[in-house]
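What follows is the residue order along each chain.
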Amino acid sequence: LQLRQAHLIAHSVSSMLGTLVALKRPEFFTSLVFIGASPCYLNTGDYQGGFQTSDISSLLTEMAHNYANWARKYAPSIMNAPTQPLLSEEFSRSLLKLRPDFALLIFSLIMDSDYRREVRQLRLPVLILQTEEDLFVPKRVGEYLHQQIWGSTLRLIPAKGHFPHMTNPQAVIEAISDFYQVIAMAHRSLK
């Protein structure tokens, strides 16, 4: 696409993919927005990513044993929007469209990833959007990212679950708009 100076809005693991690209080719981006991002899902030492190795092992075993049941069981918990049941159903249907072996491989790679060193190297404006209750990315992970990424902004979104852009899109839009206004003012003041 030959994009330059783009604003990347990424969800979950895509935030870490955006981080890797931004570190290799910083000219591609003006800013990054992370929604429900985690650099590492494992609890290791002082870092609390939300999962013990045994938790991940159990999830992977459950996925491998009966992927369809796993998808139907976890979709409502991941979405965490009981007043919006259609969102959980839609998410469950999208999970069920994946080949189970492929989904298991992707999920295991994601849960085994560790990009803590890389996020510390970011030097772009970064907005971190975090919900109060996210099964996969606890609030403390958003706080960790904010502490580690120089000049980042952390906004708590009044929503639960891993998909605040679906459960409370207006709050996400407002947070991103506010962030872009600050960036625009900073650019004008530099001219």
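The structure we're discussing is the one just above.
Residues numbered from 1 in each chain as written. Predicted model: local features only at pLDDT ≥ 70, side-chain atom pairs only at ≥ 80, totals over all residues. Heavy atoms only, no water.

Draft legend 1. Local environment of the overall build of the protein chain. Along its length, the protein chain carries 9 helices and 4 strands. Starting at the N terminus and walking to the C terminus, you meet the elements of the protein chain as β-α-β-α-α-α-α-α-β-α-β-α-α. A compact globule built from 191 residues should have a C-alpha radius of gyration of about 16 Å, and the protein chain, at 17 Å, falls within 12% of that. Along the first, second and third principal axes, the C-alpha set of the protein chain runs to 60 × 35 × 35 Å. (Helix = DSSP H or I, 4+ residues; strand = E, 2+ residues; numbered from the N terminus. Rg over C-alpha atoms; globule rule 2.2 N^0.38 Å.)

Draft legend 2. Expanded view of the sheet that holds strand β3 (residues 126-133). In space, the 4 strands of this open sheet follow the order β1-β2-β3-β4, with parallel pairing throughout. The two strands at the open ends of the sheet, each matched to only one other strand, are β1 (6-11) and β4 (153-160). Within this sheet the neighbouring strands show an average axis-to-axis angle of 20°, counted without direction. Relative to strand β2 (residues 29-35), β1 runs parallel, the two sharing 6 bridges. (Pairing = 2+ DSSP bridges. Axes fitted to C-alpha atoms, helices over the stretch in contact; angles between N-to-C directions.)

Draft legend 3. Looking closely at the packing of helix α3 (residues 67-79) against helix α4 (residues 85-96). Taken N-terminus to C-terminus, the directions of α3 and α4 make an angle of 145°; their axes are 8 Å apart at the nearest point. The way α3 lies across α4 gives a crossing that is right-handed. Between α3 and α4, the contacting residues are Tyr67, Ala68, Trp70, Ala71, Arg72, Ala75, Pro76, Ile78 and Met79 on the first element and Leu87, Ser88, Phe91, Ser92, Leu95 and Leu96 on the second. (Left-handed = near helix turned anticlockwise from the far one by under 90°. Contact = heavy atoms within 4.5 Å.)

Draft legend 4. Quick look at α4. With 12 residues, α4 extends 17 Å from end C-alpha to end C-alpha; this agrees with the ideal 16 Å at 1.5 Å per step. Taken residue by residue, α4 has Leu87, Ser88, Phe91, Ser92 and Leu95 as its buried positions. The buried residues of α4 occupy an angular sector of 135° when projected down its axis, which confines them to one face. Here the buried face of α4 lies against α3 and α8 (164-167). (Expected span 1.5 Å × (residues − 1). Buried < 20%, exposed > 50% of the residue type's maximum accessible area, 1.4 Å probe, protein only. Arc of directions from axis to C-beta.)

Draft legend 5. Here's a closer look at the packing of aromatic side chains. This structure, assessed with the given rule, holds 9 aromatic pairs. Ring geometry for Phe179 and Tyr180: centres 5.9 Å apart, planes at 40°, overall tilted. Accessibility expressed as a relative area gives 7% for Phe179, which makes it buried. Here a set of aromatic residues connected by ring pairs shows up, and it is made of Phe51, Tyr67, Trp70, Tyr74, Phe107 and Phe136. (Phe/Tyr/Trp six-rings, centres within 6.5 Å; stacked < 30°, edge-to-face > 60°.)

Draft legend 6. Up close: the packing of helix α2 (residues 53-65) against helix α5 (residues 100-111). Closest axis-to-axis distance for the α2/α5 pair is 10 Å, and the angle between their directions is 175°. With respect to each other, α2 and α5 are oriented roughly antiparallel. For the pair α2 and α5, contact is made by Ile56, Leu59, Leu60, Met63 and Ala64 and by Ala103, Leu104, Phe107, Ser108 and Met111, respectively. Residues belonging to the contact of α2 with α5 are distributed by class as follows: 9 nonpolar, 1 polar and no charged. (Parallel < 35°, antiparallel > 145°, perpendicular 65-115°, else oblique. Nonpolar A, V, L, I, M, F, W, Y, C, P; charged D, E, K, R; others polar.)

Draft legend 7. Representation of the environment of Thr61 in the model. Tracing the backbone shows Thr61 in helix α2. Put simply, Thr61 and Asp178 are 117 residues apart on the chain and 42 Å apart in space, counted from C-alpha to C-alpha.

Draft legend 8. The layout of surface pockets, seen in detail. One number sums up the size of the largest pocket: a volume of about 490 Å³. Lining the largest pocket are 21 residues; nearest its centre among them are Ser12, Phe91, Leu95, Phe107 and Ile110. Looking at the lining of the largest pocket, the elements with two or more residues in it are α1 (13-24), α3, α4 and α5. Tallying contributions element by element places α5 first for the lining of the largest pocket, with 5 residues. Across the lining of the largest pocket, the residue classes break down as 16 nonpolar, 5 polar and no charged. (1 Å grid on protein atoms, 1.4 Å probe; cavity = no way out; pocket = protein on both sides within 12 Å on 5 of 7 lines; lining within 4 Å. Points joined across faces, edges and corners; volume = space filled by probe spheres on them.)

No statement about biological role is implied by the geometric values presented.
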